[in-house]
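Take a look at the letters that make up each chain.
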Amino acid sequence: MDVADIPGVPSWVPAHLREQDIEELYPPQAEAVERGVTDGENLVASVPTASGKTLIAELAMFSAITDGKDSGDDGDETDGTALYIVPLRALASEKRTEFEQFEAYGLDVGVSTGNYESDGGWLGDKDVVVATSEKVDSLVRNDAPWIDNLDCVVADEVHLVDDGERGPTLEVTLAKLRKRNSDLQTVALSATIGNAEALATWLDAELVDSTWRPIDLKKGVHYGQALHLEDGSQTRLPVRDSEKQTAAIVRDTLEDDGSTLVFVNSRRNAEAAARRLASTTEPHLGDEERERLREIATEIREVSDTETSDDLAAAVEDGAAFHHAGLSREHRSLVEEAFQERLVKVISATPTLAAGVNTPSRRVVVRDWRRYDGTAGGMQPLSVLEVHQMMGRAGRPGLDPYGEALLLASSHDELDELFERYVWADPEPVRSKLAAEPALRTHILSTVASGFANSRAGLLEFLEATLYASQTTESGRLKTVVDEVIAYLEANDFLTRSDGDDHLRATSIGQTVSRLYLDPMSAAEMLDGLREVEQTASQQGTRSPHDGQTATDGEPPGFETASELASAKVDGTDDSPDPTAMGLYHLVSRTPDMYELYLRSGDEEEYSMEAYEREREFLGAMPSEFEDDRFEDWLSALKTARLLEDWADECEEGVITDRYDIGPGDIRGKVETASWLLNAAERLAGEVGLDVTPAIREARVRVEHGVRSELVDLAGVGGVGRKRARRLYAAGIESREDLREAEKGVVLGALRGREKTAQNILENAGHRDPSMDGVSAIEPDEAPAATESEQTATNETSRDTGEEAGESADQSSLGDF
């Protein structure tokens, strides 16, 4: 189909496509148009990677949000809103960049991926909104008014409804959007799956189910000295002496000026593979490439002062890289951009890179087709769908004559198995994961709280609009799970029943839990722990803190908290003790919403000892060590909490990554989750009248900025962060007010003479004259002498962080996220 013949789209679309060298639509795109995607028809497009799914979505969105009347300028008038749902934040950023080109035609694009308490009112003025499924779910819960005016919703990677973690949220969110707006056009983009027709039936949609690709994809297995391809042909690809199969394939690809993606089953394997493959890529680099890669490596090292950062930079300098979820977002972006620019020649990655991020290559090697599965207690084969997703990254349209996707075999039997299991196999059918209790806990509460249903019958009627209902053959299972969840929510005062138990209403606290986007079990855990503080405080008013800890008749069960040991904060009316930061960090770490650190070999003994030593700090009763699973979970939460405590005590990022064997991205992920959960805990405590909100707020701010208590005020100034706050404090500037009135030379000296940084910070603090023109830095030893208490704080920080007093290494970026 010629682009000029596309019906229903704005007048600028054909010319824009021609500017992109698109004269005709790909066959799947043309079929989508023929099936009415630009006329408001629902559509499921199940087509391979790089076959033009995004353009199908764009045509649907543009036709839906324009009224077809020329406005007399560069574009058409828009009178609607389109929503583009992605599974990952990284994809949201990528799509935002991709859609920015359409702002030249008058379209306004917005992205929203965080702040689950907001109704996103500012998004109502946007023509196209890009958001994660979790963010869209939270917008529905918070009654975003513009949601009712949507004209089109696109669900990218919709096959992820099969994912046990994120699938139920996408499934319920699509059902709610369709219920709120019966005229909403729904376009679902999927990888090639085994039951695309089931998704189309669920969404009342037309189906485009195609295996067409713009360039050929050759799938096969490397075994011995040759590639064995699915068409029966063989191509010689020798493995030299001391060379691994993967290195041989990368070398062969480089000799043909191609790039390679290597998928492995763990972060450690990804990093090790990149180190080894760097020796293969380095000889193939030109002088200009080496210089540019050195610049990128410098940027990588500036992201964080960790071994992971150094290892990544070293590999990148030689033209290789690794990619996994333990990297920071900045690390991943730098690697992806360098690979897209063909500077980095090979990436060894965990499957996170196969989840939609745009990083195609000439060849894909699926080195590891098994990975550890804790639920199965050992290594398990990857699904066909997941392997095919990885393979789909092979071949860059317009750059490669073909793509090649290879598995590796070490025996003839394994060669045969890999062909049967993956090369010749069809992807598994997608199945809903909604009927599990953890998924339904949050979605049943939000469905009642947001007014989609107000009775058990209404809940079941709403759930009939889900994929699960269209697939299940167990007619009674959904009712059973719904009844169990309603009983749980009622027992925790999140729901009430009346009118013969048929009428359901979310309580005030239930409404808050829903708006905060919490798993109700997380909320119940936090409320129980916080109430323990109040109960302990009331007990202290009637008995000595030296009394025994065993619960007796008339007393609440559980152990004493750290409040018995903490210093009381006197406000003139109340001298009841507060929970410690560790107690609060442990509380949020044991909720279902926090992914705990797992216990490694030898950890159980270490953390068992610490658990008994710090038992009084815990908010809630510690399980017995004879309760194996519960006790292990408690220790995993303690390990996670201690990481958060280390961060809030200003421990160096590199020390933390080494101590817990994690990456910088893991620290940031744990900190962001802890900050969100502590904010929720603060809101919940206020809702039920618990007098612990100041302690929660301080613990939250400390972990957000990675600072001790004395730096909380300073670190909150924009641009300061943890390292700069400590330097300013050492120079005698202890608060935002001090900074507002500070001598500029002292500030400049504390910030190592960085004039732009100093001016920006002073502006953010509200300094009356933040300009650095003509200001000379007053070095710290020239500044007023620190008091004895200030010097003590500095020395303590130095011991904990591994930094000598006065050491000048600048890591200010660590506290700025």
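Residues numbered from 1 in each chain as written. Predicted model: local features only at pLDDT ≥ 70, side-chain atom pairs only at ≥ 80, totals over all residues. Heavy atoms only, no water.

## Remarks on the overall build of the protein
The number of helices and strands found in the protein is 32 helices and 21 strands. Residues counted as buried form 55% of the 817 residues belonging to the protein. Once local pairs closer than 6 in sequence are excluded, the contacts in the protein between residues at least 24 apart make up 71%. Carbon and sulfur atoms provide 43% of the accessible area of the protein, an area that totals close to 34,000 Å². (Helix = DSSP H or I, 4+ residues; strand = E, 2+ residues; numbered from the N terminus. Buried < 20%, exposed > 50% of the residue type's maximum accessible area, 1.4 Å probe, protein only. Contact = heavy atoms within 4.5 Å. Areas by Shrake-Rupley, 256 points an atom, 1.4 Å probe, with all protein chains shown as cover.)

## A look at helix α21 (residues 581-589)
For α21, the tally of buried residues reaches nine of nine residues, placing the bulk of the element in the interior. Turning to α21, its buried residues number three or more, namely A581, M582, G583, L584, Y585, H586, L587, V588 and S589.

## Let's talk about helix α2 (residues 27-34)
Buried within α2 we find P28, Q29, A30, A32 and V33. On its buried face, α2 is in contact with β1 (43-46), α3 (53-65) and β9 (206-209).

## Regarding the environment of M1
Note on placement: M1 falls in the segment before α1 (13-19). Separated by 22 residues in sequence, M1 and E23 place their C-alpha atoms 8.6 Å apart. With residues up to four places along the chain from it excluded, the contact list for M1 reads I6, E23, E24, L25, A30, V33 and E34.

## Topic: the nonpolar core
Counting residues in each nonpolar core, the largest one holds 111 residues, and the members touching the most others are L177 and L530. Apart from residues no more than four positions distant in its own chain, L530 is found in contact with L584, L587, L619, A681, A685, L690, V692 and I696. In this structure, A315, M390, A394 and L408 belong to the second largest nonpolar core, which totals 62 residues. (Core = buried A, V, L, I, M, F, W, Y, C linked by side-chain atoms within 4.5 Å.)

## Structural notes on a negative patch on the surface
Taken together, the side chains of E604, E625, D628, D629, E632 and D633 present a region of like negative charge at the surface. No other element matches helix α23 (residues 628-648), which puts four residues into the negative patch. Looking at the element boundaries, D629 is found in helix α23. When its relative accessible area of 60% is taken as the criterion, D629 is described as exposed. (Patch = residues over 30% accessible without salt bridge, like charges linked within 9 Å, V, L, I, M, F, W, Y side chains within 5 Å. Salt bridge = Lys/Arg side-chain N within 4 Å of Asp/Glu carboxyl O. Lys, Arg positive; Asp, Glu negative; His and termini not counted. Charge placed at Lys NZ, Arg CZ, Asp CG, Glu CD.)

## A closer look at the sheet that holds strand β6 (residues 128-132)
The seven strands lie next to each other as β5-β6-β4-β7-β8-β1-β9, forming an open sheet whose pairing is parallel. What marks the edges here is a single partner per strand, and that holds for β5 (109-112) and β9. This sheet shows a mean twist of 15° between the axes of neighbouring strands, independent of strand direction. Summarising the sheet, strand β4 (residues 81-86) and strand β7 (residues 150-155) pair through five bridges and their orientation is parallel. Along β7, the bridge assignment pairs L83 with V153. Running at roughly 105° to β6, helix α5 (residues 133-141) makes contact with β4, β5 and β6 of the sheet. Sitting on the sheet, helix α6 (residues 167-180) is in contact with β4, β7 and β8 (185-190), with an inclination near 160° to β7. (Pairing = 2+ DSSP bridges. Axes fitted to C-alpha atoms, helices over the stretch in contact; angles between N-to-C directions.)

## Brief notes about the pairing of strand β14 (residues 320-323)
In β14, alternate side chains face the same way, and those of A320 and F322 on one face and A321 and H323 on the other are all buried. Sheet topology places β14 next to strand β15 (residues 346-349); four bridges connect them, and they run parallel. Along β15, the bridge assignment pairs A320 with V346.

## As for the side chain of K723
For K723, the position within the fold is in helix α28 (residues 721-730). With relative accessibility at 9%, the residue K723 sits in the buried group. Within polar-contact distance, the side chain of K723 engages the side chain of E652 at 2.8 Å. (Polar contact = N/O pair within 3.5 Å; in protein donor to acceptor, adjacent residues only side chain to side chain.)

## As for the pattern of salt bridges
All told, the structure shown has 61 salt bridges when counted by the stated rule. Salt-bridge contacts for D661 lead to R268; the nearest nitrogen and oxygen are separated by 2.7 Å. Taken together, the residues D661 in the loop between α24 (653-660) and α25 (664-688) and R268 in helix α9 (residues 267-281) connect sequence positions 393 residues apart. Relative accessible area serves as the criterion here: at 59%, R268 is assigned to the exposed category. The residue R441 makes a salt bridge to D519 at a minimum N-O spacing of 2.8 Å.

That's the geometry; what it means functionally is another story.
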